[in-house]
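If you want the building blocks of each chain, they are given just below.
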Amino acid sequence: MEDRTDKIIVTIDREFGSGGREVGKRLAERLGIKFYDEELISRAAASTGYHEEYIKENDEKAPDYSVSSFFTGVDMFQSSPYTKIQEEEFRIIREIASEESCVIMGRAADYILSDERHVSIFIFAPIEDRIRRNLALAPIRFPDENLDEAGMEKKVKQTDKQRRRYYEFYTDNKWGGRDVYDLLINTSRAGVEGAVDIIEAYIKGGKDKNLLSDIENLTE
């Protein structure tokens, strides 16, 4: 287990198509630390008994409470399996962060690790650029879907809505809010590699510093 003061933990939330996952992956490679995204799914599958594909389909989704259950005699606040999946992922995230340096994608990790020293990032970009990026990557990412620009716009908006609902269901924060994250980076301006540069510089330059760290120089 690493010394607590030497650990680097980065959490990244991202708009769909902003390149956030690629930023996280490259950052982890550059810093020489582990990158966690889909591995969280496989770990949750192993510990919950749910099939990995099922967890993947329901990953980062808020519980669905059905009022119709009231009429069947079932507790109307009984949640779907989402809750068990998310609770297990949260437990795994805490366990990983307690043991090693890492970059963790999504899943409200910044909130879950509020008691752990970490750097929280939100990656965003204008929707027009995100649609174009997703269309360019469609043959790789969505090979079975014949998506035109309108179809991709709908997919982008639906995914963002799902991520926002998930994040705001499990936290007291606003998804993408400037008061929530350490850094908000527009990849349409910075690019993926530029975003990695910014985060790395922030981590290295801001170590052991805070708002009052330079106050002595200002008052001399």
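Residues numbered from 1 in each chain as written. Predicted model: local features only at pLDDT ≥ 70, side-chain atom pairs only at ≥ 80, totals over all residues. Heavy atoms only, no water.

1. Looking at the overall build of the protein
Item 1. The secondary structure content of the protein amounts to nine helices and five strands.
Item 2. Counting over 220 residues, the protein shows a buried share of 42%.
Item 3. Accessible surface for the protein amounts to roughly 12,700 Å². Of this, 48% is attributable to carbon and sulfur atoms. (Helix = DSSP H or I, 4+ residues; strand = E, 2+ residues; numbered from the N terminus. Buried < 20%, exposed > 50% of the residue type's maximum accessible area, 1.4 Å probe, protein only. Areas by Shrake-Rupley, 256 points an atom, 1.4 Å probe, with all protein chains shown as cover.)

2. With respect to the nonpolar core
Item 1. Core analysis: the biggest nonpolar cluster contains 25 residues, and L40, I93 and I104 have the highest contact counts within it.
Item 2. The biggest single contributor to this core is helix α4 (residues 82-99), with six residues.
Item 3. Among all residues touching I93, those that are not within four sequence positions of it are L40, I104, R107, A109, I112 and L113.
Item 4. If you look at the next biggest cluster of nonpolar residues, it comprises 20 residues, including M105, V119, I121 and I199. (Core = buried A, V, L, I, M, F, W, Y, C linked by side-chain atoms within 4.5 Å. Contact = heavy atoms within 4.5 Å.)

3. Here's the deal with the sheet that holds strand β5 (residues 183-186)
Item 1. With parallel pairing, the five strands of this open sheet are ordered in space as β2-β3-β1-β4-β5. Pairing within the sheet leaves two strands with one partner each, and these edge strands are β2 (34-36) and β5. Along the sheet, successive strands turn relative to each other by an average axial angle of 20°, direction set aside.
Item 2. Judged from the three bridges that link them, β2 and strand β3 (residues 102-105) form a sheet pairing that is parallel. Of the residues in β3, the one forming a bridge with K34 is C102.
Item 3. In the packing of helix α8 (residues 187-205) onto the sheet, contacts are made with β1 (9-14), β4 (119-124) and β5, and the angle to β5 comes to roughly 150°. (Pairing = 2+ DSSP bridges. Axes fitted to C-alpha atoms, helices over the stretch in contact; angles between N-to-C directions.)

4. A word on the environment of V192
Item 1. With respect to the element layout, V192 can be found in helix α8.
Item 2. For the pair V192 and I123, spaced 69 residues apart in the sequence, the C-alpha separation amounts to 9.6 Å.
Item 3. Those residues in contact with V192 that sit more than four places away from it in its chain are G19, E22, V23, R26 and R133.

5. Re the packing of aromatic side chains
Item 1. Counting across every chain of the model gives eight aromatic pairs.
Item 2. Note on F16 and F142: the rings are 6.3 Å apart at their centroids and 65° apart in plane angle, and the pair reads as edge-to-face. Within this pair, whereas F16 is found in the loop between β1 and α1 (20-31), its partner F142 is found in the loop between α6 (127-141) and α7 (149-170), the two being separated by 126 residues in sequence.
Item 3. Relative accessible area serves as the criterion here: at 11%, F16 is assigned to the buried category.
Item 4. Aromatic ring contacts, followed pair by pair, group F90, Y166, F169 and Y170 into a single cluster. (Phe/Tyr/Trp six-rings, centres within 6.5 Å; stacked < 30°, edge-to-face > 60°.)

6. Focus on empty space enclosed by the protein
Item 1. This model, assessed by the stated rule, comprises one cavity of 30 Å³ or more.
Item 2. Size it by volume and the largest cavity reaches roughly 40 Å³.
Item 3. Surrounding the largest cavity, D13, R14, E60, R107, A108, R163, Y166, Y167 and W175 form its lining.
Item 4. Listed by contribution, the elements that provide at least two residues to the lining of the largest cavity are β1 and α7.
Item 5. Broken down by element, the lining of the largest cavity gets its largest block of residues, three residues, from α7. (1 Å grid on protein atoms, 1.4 Å probe; cavity = no way out; pocket = protein on both sides within 12 Å on 5 of 7 lines; lining within 4 Å. Points joined across faces, edges and corners; volume = space filled by probe spheres on them.)

7. Here we look at α1
Item 1. Over its twelve residues, α1 runs 16 Å from end to end, which matches the ideal 16 Å to within 8%, given 1.5 Å per residue.
Item 2. Against the buried residues of α1 lie β1, β2, β3, β4 and α8.
Item 3. Trailing α1 by a residue or two, G32 shows a phi angle of about 70°, which is positive. (Expected span 1.5 Å × (residues − 1).)

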